[in-house]
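Observations on the three-dimensional arrangement
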Amino acid sequence: MEMNIDELNEKFGIEGEVGFMELDGDLPFITITNKYAEADICLYGAQITSYRPMRTTEVLWMSPYSVFEKGKAIRGGIPVCFPWFGPHASDSALPQHGFARTSMWEVTGVDTLEKGETCVSMQLKSSEETKAYWPHDFVAEMTFVIGDSLSVTLKVTNPSDEAISYTSALHTYFNLSAIENIKIAGLANTHYENQLDGNRYVQEEELLEISEATTRHYFDTEADCIILDPYFKRDIRIAKEGSKCSTVWNPGAEACEQMSDMPNDGYETFVCLETVNKINDQIDLAPGESHETTAVISVE
Ligand code: BG6
């Protein structure tokens, strides 16, 4: 049963560190402040919308035009794409990127860890509602550790006696000084599918620069990626576990203009670098099995 703000504060609030409130629209958020960082996480979508380490500016990008409304996806932060990433494989009427990002998640735990980081866990279980989209039993858990780095884990368990398969993404929007200022390290000599022309290539450049609309799904890679942003005087490292695919997305000027929840120049200040299970990395879970996908984001 969905808990109201008072009940959430009563059960999970930590004086001076963790509070629950309605921040945007009527949606419930957890706000976290500890010695390392501040963060906001929305229970709708289990979507972190802000991560501000004390020693640098905002790491995640949020669209100022984002809608905060049940039934619509929040534009920015880290949308959780599950149980499919991208369009549904066989039914284009089903929602792009699955239903996890438009579902209300239940908070299952809030703890202060030994070194003062804050750990928040949320859960989404199969229900009549989710079975209308995906006829399988599942338990999905999101765990956020807010510290000097941000660790985000999607764990999926198959509680049924039939095998299940899914694809997923931690679809992170990174806040940049400007798209033309940044370079991305970690993808040299890696195969990718260019979603915009449907072809496969190998990236020959050592560093990726983005000067036009870009949707690349790099596969068979477990490498860390680093966003080099000299104007913000920082590098953002994205390390990962349990994921063999990394997606780089920026809509560019033309597609951005068509998106009602993004300003026309929105594409200039973010890039999505996504921790993905897809090409060659669909997750198959036998009865009782689990899989964890983790992204660890740190500023250097
Ligand atoms: C990316 C996809 O991961 O997400 C793009 O590769 C898509 O094709 C983008 O446009 C944003 O998706 P959405 O559904 O949040 O607008």
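The rules we used
Residues numbered from 1 in each chain as written. Predicted model: local features only at pLDDT ≥ 70, side-chain atom pairs only at ≥ 80, totals over all residues. Heavy atoms only, no water. Helix = DSSP H or I, 4+ residues; strand = E, 2+ residues; numbered from the N terminus. Rg over C-alpha atoms; globule rule 2.2 N^0.38 Å. Buried < 20%, exposed > 50% of the residue type's maximum accessible area, 1.4 Å probe, protein only. Lys, Arg positive; Asp, Glu negative; His and termini not counted. Charge placed at Lys NZ, Arg CZ, Asp CG, Glu CD. Phe/Tyr/Trp six-rings, centres within 6.5 Å; stacked < 30°, edge-to-face > 60°. Lys NZ or Arg CZ within 6 Å of the ring centre and 35° of its normal. Salt bridge = Lys/Arg side-chain N within 4 Å of Asp/Glu carboxyl O.

In this section: the overall build of the protein. Scanning the protein for helices and strands turns up three helices and 23 strands. Relative to its length of 300 residues, the protein is compact, with a C-alpha radius of gyration of 18 Å against a globular reference of 19 Å. On the principal axes, the C-alpha backbone points of the protein span a range of 50 × 45 × 35 Å. By residue count, 56% of the 300 residues in the protein fall in the buried class. Averaging the positions of the 21 positive and the 50 negative side-chain charges in the protein gives two centres separated by 3 Å.

Our next topic: unusual backbone geometry. Of the consecutive residues Phe82 and Pro83, the connecting peptide bond is found in the cis state with omega at 0°. Within the chain, Ala46 stands out as a residue other than glycine whose phi angle is a positive 45°. With respect to the secondary-structure elements, Ala46 resides in the loop between strand E3 (37-42) and strand E4 (47-53). Backbone geometry places Asn280, a non-glycine residue, at a positive phi of 60°. Here Asn280 shows up in the loop between strand E21 (270-277) and strand E22 (283-285). Residue class for Asn280 comes out exposed when judged on its relative accessible area of 54%.

Applying the stated rule across the entire model yields 16 aromatic pairs. Between Phe12 and Phe20, the aromatic rings sit 6.5 Å apart at their centres with planes inclined by 50°, giving tilted as the arrangement. Residues Phe82 and Phe138 carry aromatic rings whose centres are separated by 5.3 Å and whose planes lie at 65° to one another, so their mutual orientation is edge-to-face. One end of the pair, Phe82, is in the loop between strand E5 (80-81) and strand E6 (106-112); the other, Phe138, is in the loop between helix H2 (128-131) and strand E8 (139-146), with 56 residues separating them in the sequence. Comparing Phe82 with Phe138, the two get one shared label, buried. An aromatic cluster of three or more residues is present, and its members are Phe82, Trp84, Phe99, Tyr133, Trp134, Phe138 and Tyr166. Here Arg200 stacks its cationic end above the ring of Phe219, 4.5 Å away from the centre of that ring.

Side chains bearing opposite charge may pair, as long as their charged atoms lie close to each other. Enumeration according to the criterion identifies eleven salt bridges in this entry. Across the pair Glu193 and Arg200 runs a salt bridge whose closest N-O atoms are separated by 3.1 Å. Residues Arg237 and Glu300 are paired through a salt bridge, measuring 2.6 Å at the closest nitrogen-oxygen approach. In this pair, Arg237 is assigned in strand E19 (residues 234-241) and Glu300 in the segment after strand E23 (290-299), connecting sequence segments 63 residues apart.

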